[in-house]
Amino acid sequence: MAFVNLEVSGGVGTIRLDRPPMNALDVSVQDRLRELAVEAGARDDVRAVILYGGEKVFAAGADIKEMREMDHAAMVVRSRALQESFTAVARIPKPVVAAVTGYALGGGCELALCADYRVAGENAKLGQPEILLGLIPGAGGTQRLARLIGPSRAKDLIFTGRQVRADEALRIGLVDRVVPAAEVYEQAHAWAAKLAQGPALALRAAKESVDTGLETDLESGLAVERTWFAGLFATEDRERGMRSFVEDGPGKAKFL
């Protein structure tokens, strides 16, 4: 049985976690996430992506029973594959939105961090509770969380292992929008569907420029931006967008 699936409709691909009751992220789920992230990135009919765990829970973290059976040698090997699975999601070269309902803890929170934008339900609870197991986040949490909300706030969540509700998550920048739980997927889909109508190469360029810039110095980031900016002048979308602006006014270009 596949616990993660990719469903595509109208240019939007939904990577759906479906491992009841809590969408625990065991090895098979991690590996499947990596496969589907690569597939979503490569498919021409997928222009934006939603990460979704269902109406009740996003993902409550790793499979602790499975992890408990791993010794140091096993985790030295597995930890790289774990990070690579989440990095594959973060590197999908298209807009990605996480639709978060219920718990997004540990690996679930780290998966949400791999998205470009996060829509959370009013019932959402997010956190990095690994410290309560005598561990630290291992799927990118110490790095992506600090980059998103700042080092001191990230350390507070990681050091204490506490969970934050949706309102606090919004206040500290851990999520970008809070809506009634029943509307989470609808709102995430609206965000993704709108961008799925946009210029695919320019969106890819914007994402790579921002993400690369966060990982390097300003001068190097500006060089990446400059290269992409100039390169887009060779695209049909650039010609279409500028022609529409001149002939019809701003914001009316059709890119599909």
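As the structure is a computational prediction, the values presented were derived from the model and not from experiment.

Draft legend 1. Region of the structure containing a nonpolar patch on the surface. Together, Ile 64, Leu 133 and Leu 135 make up an exposed nonpolar region whose accessible area comes to about 260 Å². Tracing the sequence through the fold places Leu 133 in the loop between strand 7 (125-127) and helix 5 (141-149).

Draft legend 2. Main features of the sheet that holds strand 3 (residues 48-52). Taking strand neighbours across the sheet as the criterion, the 6 strands line up as 1-2-3-4-6-9 in an open arrangement whose pairing is mixed. The sheet terminates laterally at strand 1 (4-9) and strand 9 (177-179), the two strands that pair on one side only. The sheet shows a mean angle of 20° between the axes of neighbouring strands, direction not considered. Taken together, the 3 bridges between strand 6 (residues 117-121) and strand 9 define a ladder with parallel strand orientation.

Draft legend 3. Quick peek at the pattern of salt bridges. Within the structure shown, the criterion is met by 14 salt bridges. Here Arg 19 and Asp 26 are joined by a salt bridge, their closest N and O atoms 3.4 Å apart. Here Arg 19 matches Asp 26 in class, with each residue buried. Overlapping salt bridges, with partners in common, bring together Asp 156, Arg 162, Glu 168 and Arg 171 in one network.

Draft legend 4. Spotlight on the packing of aromatic side chains. Evaluation of the coordinates by the stated rule reveals 3 aromatic pairs. Ring geometry for Tyr 117 versus Trp 191: centroids 5.0 Å apart, planes at 5°, classification stacked. Here Tyr 117 is found in strand 6, whereas its partner Trp 191 is found in helix 8 (residues 184-196), with 74 residues between them in sequence. For the pair shown, Tyr 117 and Trp 191 are each scored as buried. Judged by centre distance (5.5 Å) and plane angle (75°), the ring pair of Phe 229 and Phe 233 falls under edge-to-face. For the cation-ring pair, Arg 19 lies above Phe 3, with the distance from its terminal atom to the ring centre recorded as 5.4 Å.

About the criteria used
- Residues numbered from 1 in each chain as written.
- Predicted model: local features only at pLDDT ≥ 70, side-chain atom pairs only at ≥ 80, totals over all residues.
- Heavy atoms only, no water.
- Patch = residues over 30% accessible without salt bridge, like charges linked within 9 Å, V, L, I, M, F, W, Y side chains within 5 Å.
- Areas by Shrake-Rupley, 256 points an atom, 1.4 Å probe, with all protein chains shown as cover.
- Salt bridge = Lys/Arg side-chain N within 4 Å of Asp/Glu carboxyl O.
- Helix = DSSP H or I, 4+ residues; strand = E, 2+ residues; numbered from the N terminus.
- Pairing = 2+ DSSP bridges.
- Axes fitted to C-alpha atoms, helices over the stretch in contact; angles between N-to-C directions.
- Buried < 20%, exposed > 50% of the residue type's maximum accessible area, 1.4 Å probe, protein only.
- Phe/Tyr/Trp six-rings, centres within 6.5 Å; stacked < 30°, edge-to-face > 60°.
- Lys NZ or Arg CZ within 6 Å of the ring centre and 35° of its normal.

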